[in-house]
Structure formats: structure tokens, C-alpha cells
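# Commentary on secondary and tertiary structure
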Amino acid sequence: MMISDAMEDEEKWLAEGIAGIQHNAFYMHRALDANNLREALKYSAQLLSELRTSRLSPHKYYELYMRAFDELRKLEMFFKEEERHGCSVMDLYELVQHAGNILPRLYLLCTVGSVYIKSKEAPTKDVLKDLVEMCRGVQHPIRGLFLRSYLAQISRDKLPDIGSEYEGDGDTVMDAVEFVLQNFSEMNKLWVRMELQGPARVRDKMEKERNELRDLVGKNLHVLSQIEGIDLDLYKETVLPRILEQVVNCKDELAQYYLMDCLIQVFPDEYHLQTLETLLGACPQLQPTVDIKTVLSQLMERLSSYAASSPEVLPEFLQVEAFAKLSTAIGKVIETQGDMPIVGAITLYVSLLTFTLRVHPDRLDYVDQVLGSCVKKLSNRPKLEDSRATKQVVALLSAPLEKYSDIVTSLTLSNYPRVMDHLDSGTNKIMAMVIIQSIMTNQACVSSADKVEVLFELIKGLIKDLEGDSEDELDEEDFNEEQNYVARVIHVLYNDDPEEMLKIICTVRKHIMTGGPKRLPFTVPPLVFSALKLIRRLQNQDGDEDPATPKKIFQLLNQTIEALSYVPAPELALRLYLQCAEAANDCDLEPVAYEFFTQAFVLYEEEIADSKAQVTAIHLIIGTLQRTNVFGVENRDTLTHKATGYSAKLLKKPDHCRAVYACSHLFWVDDQDGIKDGERVLLCLKRALRIANAAQQMANVARGSSGPVTLFVEILNKYLYYFEKGNTQITSAAIQGLIELIKTEMQSDTATPDRISDAFFACTLRYIQFQKQKGGAMGEKFDTIKV
Amino acid sequence: MVLVLAIGDLHIPNRAPDLPAKFKSMLVPGKIQHIICTGNLCIKEVHDYLKSLCPSLHITRGEYDEDSRYPETKTITIGQFKLGLCHGHQVVPWGDLDSLAMLQRQLDVDILVSGHTHQFKAYKHEAGVVINPGSATSAYSSITYDVNPSFVLMDIDGLRVVVYVYELIDGEVKVDKIDFKKTSTPAI
């Protein structure tokens, strides 16, 4: 209620003020038209009196000021003409000082002063000096600021800058600088005087008003930056020290923050680089509540861009020791602002690191130093809990990863793992994943065991349970995602040199073995396949004296897969044993291959009880065994006997049947040296047939109708397979008999019509037709079969 | 014109970290009507990725697949063609074309797509075609040495199918194509 009342009042007062200005302006114009100087001055003074109000906020005062400003322009034009008419500007300068109140008097004085300077009847510097001092008469913050702003505006184009028409014997750049600096100082003092006191509502209002006025003060710095005569030396010796003096001494938080920011924005980066020590020296002297880290970040941001846009200035950065100075300054700020929250300090380090990576990317020692400073700051503190601080640490650690696409570079930073140690375990894991993601995105490769060691140190939060891990169950999906990341990264650890590669494998193995039963199913397989790839590379090489031999690696593999028994993960282990068996076969290592088969078989017998799992496992065993050719007769017989034994024990009849006829392939290998035992093949097929028959009969009894003839058709196809391959034990008569059997079964009363087995049978018959039509030896063979 | 992507044996993350970048940039959503996958992805993330390329996704179970609910075999009809899908570790001897032909007869399909050997194959016989898209990540295989990453794209148009095989050789994607025409199926 009160606020809107106040606003309404302000609107009213502003309207009144504007009306007053317009009213007096009307009469002033009339006087000007009549060439009546005295009258004109009288009305202009009255007009300007409206600016004496204290009732308006800066925002509204500005509107009033602009109206007056416009009128003063017209008055100024008149003054110029008046001078031509004969009344000297000196006299005019004298005349306007008779105005009653000081504020109108000074506005008029400045206006005449502008004309005075233009006339060149007096040295520019004298007029400027006079004006800037006279303005001291107004000490009210808002009124004073606008008055001095007016002075700044009208003097802007009349400064004795190099090359300006106002430069002369007595008038130099120094005078221009002095003038602006003084106006700036006085304006800052006025601005700071608007104290933030009183109840919160009043303070907030005041702060808002102060902010509205800040550009008036900042404008002076802008003007300074535009003075061409200010070179680096002048800036260094005079301009900067004076500005900083004012900034530090005013002891006002709002002003200090704004002006430092302004300073950095308006002056060229080249100057900042060369005055870095002075500039940074002011920072610890500022009020402790000033957000200096933002100021410093801004500075570093500007300098980074400067370096990026003009690479030829890089030597300058080194010459002025920019990094060292910034690093020291930041250290000092953090030290003096003792109660700065940790997130503030880390944000500063992030800015410094960003600067370093952009300006001195090749100086890994600098990068490491920044990380080291951060470590020091984080030491002797409990683990970070502030999520903003944690985010900043993650940003700090991510920056080198993004900059250096080659992960190995980041791995050489000795302080990197130390920073990570200060993260809580959740964030540590997230960071570990960021590292892995970076490796994957950049398609980087880690090629030495030492670096692998460092990498696994960094990602140890994913590799094993650390103390401090929360006791709560980790979300399963998250856990799986983590472990899949680890699995992926194992594949990018690679070296062409087998010896180094084996070292890498051993290093990885050492780490993943600490992972515990939950992690092993994820981490063991990629390691195993990495090792198998190495074995394959070594296969064709000679040299058993090499430290890296297939035999050694197989031993390692054996021990590694064994660890899965603690999970337990028998199905996975069985698959891996079979992979190793095949690889050992290819290396001609019969005992090693036998050992792996043994391990697989033991697992099958003792650990795999699920029917479906058994079926898959059996086919994997048969498939692998079928391909191995390294075994002598005895060993092969033992293994084959076992495999067929397992097939016989499968529970469901169809599974049993299929496994048995699959075993037939163990006795028939199609290459030239392969075993081709036609009799054993036939035995298997006949056994399969018996099982299929039994299955039919069981179905008849148990369900009242026989099952589909699919199994018979499958077996028929197997007969055809071996018939074609030239197994003399398979006769066309047998095939014919089987065909008739199937037809009978399909037509019997108890048959269950089944589209799928019908189609299968039809396709098979069609196939026989194709073979018959082939002609030649094949056609002859099939000729005896009637479909 | 129906585009069918045949892909499989990626073995992520057990044997390979990811699809090759060049393949990833080629496989964009919205261009393919069906994906048939021989299996051994192995993890859900790969499943989701394939699903994002095309919602019509058919997968059969490989022996390392995380999800054990994928079927052992699958048949799909696309246009005039019947396609059969099976990982292939179930068919002994592995990679034996005659044994695969038997499976083809059993499923009664024109085109049988199966994997496991990680080696691209496209084999035509009187009753149809057997295709092995290979391994899209050139994952280690005990059966085949030195594989290149590969996958297959089939363009089914009426009674004709053009099989494009994409292979990554020395960092470049090479494409080959094979034409098959189907004679209309005789009635049973």
C-alpha cells in the first residue's frame, strides 16, 4: 500500500517538475527570441531549479534531467551567437554566477564553460579545472552526480587530447587526464555517500537506486579509455594507480566490485597484461565482502581470449609471468578472505585452470600446480558435502580431459588423483565415468602398463568397494552402467609389443581381482578376450624364451576364469573355458586344451542344473569339440564319450534327441584329415530315431495324441546330410524307410496336424527333388530315393 | 522398397567397446523399416540403441546375451519374403552351410539370417539364401581370424532382394552387393 502510494507521489512530482521546466522554458525561449539575455538567464535559472528536488528516485530524476538538458542545448547555441554579437564569453561566464541557487548557477556555468573552451579565449585546462572544482559546491549525491555527469558530457569533445584542436602549449593530455580523474573521484565519493542503512526495505531500495546511478560513475573510466594520448606508460604511471587509489579508499563494496569490473572491461587487455601486478595487488585490499573471484575470473577470461585471438602475444604472457602472478594473487585472496566458502576458492581455481589451459596448454607443470593448490586447500578438511563445490571440482577435473584429447597427458598430472581423493564416493564414481567417457569419445588408447596403473588408480571407485562407500544398495541399473564402462575401457588398453601388452593385462587383472563377486562377471570377460587376442598374435611367432608366451597367458587365463567360481557364474565360466580350449587347440597345446575342456565339463556336471542352460551348454561343448583337432585318439575319445554321455542325460525327450544327433558330428569332420567314422555316425542317428519314437509313444499315452513329426524330419535331414557327404553306412533304403515312416505318422489317426512340421517335410522333399535334378554324381545318388 | 538391416555379434562390452564411428554415422533413425539382429549384443544399452534406429526390431538369443528372454529362432514376413533368424551357436557344425540349410527348411523361409562365426557370408541355393552379416564390431571369434566390421542391408522389392554388405576395411567403408530373385513358391 505504502509503496504504490509513494510511486504515485513520485509520478506526480515528476509531472510537476516537467511542467515547471516546460513553463519556464516557454518564457526562456521568448526572451531568447527577443535577445533579452537577462530575462533568458532568469528563466533558465528557474527552469534549472526544478532539478533541486530531493523527492525523485534516480530513475525519475533522469527524466527530469533530460528535459533540462535539452533546454540547455538551446541556451548554449544562443550563448554562442551572443558572443558573436559582442558580449564576451568572459563576461558571460561572470554573469551566470549571479544566479541565486548554486545548482542552477553551476549548470549555467558549465554550459557557458563549454562555449568558453570552444572560443579558445582561455586555456582549456584552466576552464576545466575551474569547473570541476566549482562543482564541489553540490554535495547531494543524486544532484551532484547528475551535475558532474553534465560536466562530463559537455566537456567530452573538448579534452586536450593528442591531435585535438584543444591541444596546445599549455594544454596537454595530462590536463585532460587530470580533469577526468578528478571528476571521477568526486563522483565516486558522492556515489558512495548513498549509504545502505536502515531497515531492509529501505536498504534494498537504496541499493537499487545506487545501481541505477553506477553508469554515471563508470562513464568516466570509459572516457579515459578513449583518450588517445594515454599510452601504456601514462596508464601505468598515472591513470591506473589513481583509479585504484580511489577504488580501494572508498571502502565501499558495491563501488569496488563495479569499478574493478568496469576497469577490466574498458581498458585493453594488453594494458592489463603489463600492469598485472598492480592490478592484482589491489585485490586483497578490497572489502572482504567484494565478490573478487568473479572479477578475477573476468580478468582471466579476457586474458585467455586475448591469447587465443593473438598467438603472437604469448611470449609476453611468459615475460610478465602472468601465470605466477595470477596464481599468487588468487592464493592471497583466498587467504585474506578467510570465511570464503570452499566453493568460492574452487571456482577461482577453475578459472585459473581454464586460463592456463588456454594460454599455456603445453605447460603441464602449471596445470599440475593449479591442481596442487586445490589439493592443499582441500586438505585437512572433511570430504566435500556442498554440492556446488563438488560440481566445481568436477569442472576442475574435466577441464584437462576436454583440452587434452589424449588421456595419457592428463594421467601425467601428479595432483590429479589427489584432487579426486577429496571427492565423496558418489562424485568420485561420476568423475571416473567422465574420465572413461572422455577416453571413449576421443578414441584414445593407453599403451603402457604404467599409465594403465595410473588410470586404474583414478577409477578405483568403480573397480572396488572403497571405505566410505554408503552401505545402501546401489541402484542396479547404475551399477551395471558403471561396470559396463569399465568393461569398455579395458579394450582401449593396448600395445603392439607383446611383452608390454602382457604387462598391461597383468596390471588390469591385478585391479579387477579386487572388485569382488559383483563386479567380476563384468570385468573378467573383456580381460579374457583381450588376452585371447594377444595369444592369437603370438601364435605364429616362434620363440619360447619370450616372456610373453601363449602358455604363460593360458595359465593366467585359467586362474582368472577360476575367480568366477566365487560369484558364482558357472555358465559364463563354461563359455570362457571353451573359448580358451579352442584357442589352445589353435596353438597346438594339447594338454592345455584338454585342461580347459576338463574345467568346462566339471562345471557342467556340478553347477549347471537348469534344463535350458544345459541344452545351450551341450551345444557349445559339442560345437567346440567338433572343431578341435589337436587331440590324440585317447583324449578325443574320453571327451567325446563325456559329451555324448551328457546328451543322454538331458531331461526332455526333444532336447535329448537333438543333442544326440548333434553328437553325430563329433565323428565326422569334413576336412581332409578329419575323422570320418561312418558307423558311429549311424549309431548316433539311430539312437536319435529311437528317442524320437519313444517321444511319440509317450505323447500318445500322456496326451492322447502323438506330437508333431518335427524330430523325425530333423533326423531325416541329418541322414540326407551324411548321405551326401559320402557316409556309406547311410543307405538310400534307410532314407526311403524314414520318409515312409514320416508319411505314415502324419496320416495316422492320432496325428496332430502341424503346419510347421508339414512345411518342413515339404521343403525337405523339395530339396531331395533339387538334388535329383542336379544330374551327375549327386543326381545318381539321389536317383534311388522316391518322394 | 523395404530396407532391412541385418546386424549382430557386436559383443559389447565383452569383446568390443563400441560400434565403429563410421558405422554409427551411417546408421541413422528413420531410414530403415526393420532390423533383424542375430544376437550377442550383449547389453540392454545396445538393444536400446538399435531400437532407437528403428522400432521394428527382431532379435534372437546369442549365448552371451544379457537378456535371456530373446527367442532361439524367429520368422518374419516382409513383402513377398519369409525371413528366418537364428544366432547360429545352436547349429552344429558351426558355420556349416548344409546344416544351416536344414534350419532354413525347418523354418520354411526364403532367407535365413544367422551369425556366430563373425564372418560375412551370402550363399545362394535352390531353395533360398543364407546370410551371415558378420560382426558389426569385428569382435574376437574363435572360429574366424581377422574379421572386418560388417553389416548387411537388404532392399526387398517385390520378388527381388538386393543384399548390400558394408565392410570397414582399413578405415574405409566398402560396399558390395548381391542380387537375388525369388521364384514364386509352389503350393504345398
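Residues numbered from 1 in each chain as written. Chains lettered and ligands numbered in written order. Predicted model: local features only at pLDDT ≥ 70, side-chain atom pairs only at ≥ 80, totals over all residues. Heavy atoms only, no water.

## Structural notes on the overall build of chain B
Looking only at helices and strands, chain B has three helices and 11 strands in total. When the helices and strands of chain B are listed from N to C terminus, the series reads β-α-β-α-β-β-β-α-β-β-β-β-β-β. For 188 residues, the compact-globule estimate of 2.2 N^0.38 gives 16 Å, and chain B sits close to it at 15 Å. Taken along its principal axes, the extent of the C-alpha atoms in chain B is 50 × 35 × 30 Å. For chain B, the residues scored as buried account for 60% of the 188 residues in total. Partitioning the contacts of chain B with sequence separation of at least 6, the portion at a separation of at least 24 is 54%. (Helix = DSSP H or I, 4+ residues; strand = E, 2+ residues; numbered from the N terminus. Rg over C-alpha atoms; globule rule 2.2 N^0.38 Å. Buried < 20%, exposed > 50% of the residue type's maximum accessible area, 1.4 Å probe, protein only. Contact = heavy atoms within 4.5 Å.)

## Here's the deal with the overall build of chain A
Secondary structure summary: chain A contains 38 helices and zero strands in total. A compact globule built from 787 residues would reach a C-alpha radius of gyration of about 28 Å, whereas chain A, at 46 Å, exceeds it by more than 25%. By its C-alpha atoms, chain A is 140 × 65 × 55 Å across when sized along the principal axes. In chain A, which comprises 787 residues, the proportion classed as buried is 54%. Put simply, 72% of the contacts in chain A that link residues at least 6 apart link residues at least 24 apart.

## Here's the deal with the state of the cysteines
All names here are of chain A. Under the counting rule described, the total for this entry stands at zero disulfides over all chains. Looking at C262, it has no disulfide partner, and the nearest cysteine sulfur is the one in C250, 13 Å off. No disulfide involves C587; its sulfur sits 11 Å from that of C580, the nearest cysteine. Here C587 falls in the buried class, since its relative accessible area comes to 16%. (Disulfide = S-S within 2.5 Å.)

## Considerations on a positive patch on the surface
Residues and elements named next belong to chain A. A contiguous patch of positive charge on the surface is contributed by R680, K686, R687 and R690. Position of R687 relative to the elements: it lies in helix α34 (residues 678-703). Owing to a relative accessible area of 35%, R687 belongs among the partly exposed residues under this scheme. (Patch = residues over 30% accessible without salt bridge, like charges linked within 9 Å, V, L, I, M, F, W, Y side chains within 5 Å. Areas by Shrake-Rupley, 256 points an atom, 1.4 Å probe, with all protein chains shown as cover. Salt bridge = Lys/Arg side-chain N within 4 Å of Asp/Glu carboxyl O. Lys, Arg positive; Asp, Glu negative; His and termini not counted. Charge placed at Lys NZ, Arg CZ, Asp CG, Glu CD.)

## So, the nonpolar core
Counting 287 residues, the largest nonpolar core has Y107, L224, I243, F317, Y416, I435 and F554 of chain A as the members making the most contacts within it. Setting aside residues no more than four positions away along its own chain, L224 of chain A makes contact with V177, V180, L181, I230, V239, I243 and F267 of chain A. Membership of the second largest hydrophobic core comes to 25 residues, among which are L3, L19, L53 and C54 of chain B. (Core = buried A, V, L, I, M, F, W, Y, C linked by side-chain atoms within 4.5 Å.)

## Quick notes on the confidence of the model for chain B
Residues and elements named next belong to chain B. Per-residue confidence for chain B gives a mean pLDDT of 93, with 97% of residues at or over 70. Predicted confidence in chain B is weakest over strand β7 (residues 121-125), with a mean pLDDT of 91, and strongest over strand β2 (residues 34-37), with 97. Here the predicted complex scores 0.84 on pTM and 0.95 on ipTM. (pLDDT = per-residue confidence, 0-100.)

## A short note on the sheet that holds strand β1 (residues 2-7) of chain B
Sheets are built from strands paired through backbone hydrogen bonds, the pairs being either parallel or antiparallel. All names here are of chain B. Here we have six strands laid out as an open sheet, ordered β3-β2-β1-β9-β10-β11, and mixed in their pairing. Looking at strand neighbours, the two that pair on one side only are β3 (57-59) and β11 (172-181), the edges of this open sheet. The mean inter-strand angle of the sheet, taken between neighbouring strand axes irrespective of direction, is 20°. Of the pairings in the sheet, the one linking strand β9 (residues 150-157) to strand β10 (residues 160-169) comprises eight bridges and is antiparallel in character. Looking at the pairing, M154 lines up with V163 of β10. Along the sheet, helix α2 (residues 44-53) contacts β1, β2 and β3; its crossing angle with β3, the most-contacted strand, is approximately 145°. (Pairing = 2+ DSSP bridges. Axes fitted to C-alpha atoms, helices over the stretch in contact; angles between N-to-C directions.)

## What to know about helix α23 (residues 449-458) of chain A
Along α23 of chain A, the residues that are buried comprise A449, V452, L455, F456 and L458 of chain A. Those residues of α23 of chain A that are buried lie in contact with α20 (407-411), α21 (416-421), α22 (425-441), α24 (460-463) and α26 (498-512) of chain A.

## Considerations on the packing of helix α36 (residues 732-747) of chain A against helix α37 (residues 755-773) of chain A
Residue and element names in this part refer to chain A. Put simply, α36 and α37 touch, their axes get as near as 12 Å, and they point 150° apart. Regarding the angle of α36 to α37, the classification is roughly antiparallel. As α36 packs across α37, the resulting crossing turns out to be left-handed. Across the interface between the two elements, I739, I742, K743 and M746 of α36 pack against D758, F761, L765 and I768 of α37. (Parallel < 35°, antiparallel > 145°, perpendicular 65-115°, else oblique. Left-handed = near helix turned anticlockwise from the far one by under 90°.)

## Points about a negative patch on the surface
Together, D475, E476, E477, D478 and E481 of chain A together with E66 of chain B give the surface a local cluster of negative charge. Of note, E481 of chain A is situated in helix α25 (residues 476-490).

## As for the interface of chain B and chain A
Across the boundary between the two partners, chain B contributes 36 residues, which contact 51 residues of chain A. Summed over both sides, the interface between chain B and chain A buries roughly 4,000 Å², with carbon and sulfur atoms accounting for 56% of that surface. The largest contributions to the chain B side of the interface with chain A come from W94, R105 and Y140 of chain B, which together make up 19% of the buried area. Where chain B packs against chain A, one counts three salt bridges. When the shortest N-O distance is used, the salt bridge between E126 of chain B and K774 of chain A registers 3.5 Å. Summed over the shared surface of chain B and chain A, the number is 18 residue pairs in polar contact (both at pLDDT 80 or more). Broken down by element, the residue count for the side of chain B that touches chain A peaks at five residues, all from helix α3 (residues 97-107) of chain B. Split by residue class, the side of chain B that touches chain A holds 17 nonpolar, nine polar and 10 charged. (Buried area = accessible area lost by both parts, 1.4 Å probe. Polar contact = N/O pair within 3.5 Å; in protein donor to acceptor, adjacent residues only side chain to side chain. Nonpolar A, V, L, I, M, F, W, Y, C, P; charged D, E, K, R; others polar.)

## Quick look at unusual backbone geometry
Put simply, L41 of chain B and C42 of chain B share a cis peptide bond, and its omega is 10°. Relative to the elements of secondary structure, C42 of chain B occurs in the loop between β2 and α2. P93 of chain B follows V92 of chain B through a cis peptide bond whose omega is 0°. Within the secondary structure layout, P93 of chain B lies in the loop between β5 (81-86) and α3. Even without glycine at this site, N35 of chain A takes up a positive phi of about 60°. In the Ramachandran plot, K251 of chain A falls in the positive-phi region, its phi being about 50° despite a non-glycine side chain. With a relative accessible area of 55%, K251 of chain A lands in the exposed category.

## Observations regarding the packing of aromatic side chains
All names here are of chain A. Inspection of every chain in the model, using the stated rule, returns 30 aromatic pairs over all chains. Geometrically, the ring pair formed by Y93 and Y116 is edge-to-face, given 5.2 Å between the ring centres and 65° between the ring planes. Here the residue Y93 occupies a position in helix α4 (residues 89-95), and Y116 occupies one in helix α5 (residues 102-119), the gap between them amounting to 23 residues. In this structure, Y93 and Y116 share a single accessibility class: buried. Between Y594 and F631, the aromatic rings sit 6.1 Å apart at their centres with planes inclined by 85°, giving edge-to-face as the arrangement. Taken as a pair, Y594 in helix α30 (residues 590-607) and F631 in the loop between α31 (611-627) and α32 (633-648) lie far apart in primary sequence, 37 residues in all. Clustering of aromatic rings is evident, with ring pairs tying together Y61, Y62, Y65, F69, Y107, F146 and Y150. The ring of W191 carries the charged tip of R210 above its face, separated from the ring centre by 4.6 Å. The aromatic ring of Y366 is capped on one face by R363, whose charged end is 4.2 Å from the ring centroid. (Phe/Tyr/Trp six-rings, centres within 6.5 Å; stacked < 30°, edge-to-face > 60°. Lys NZ or Arg CZ within 6 Å of the ring centre and 35° of its normal.)

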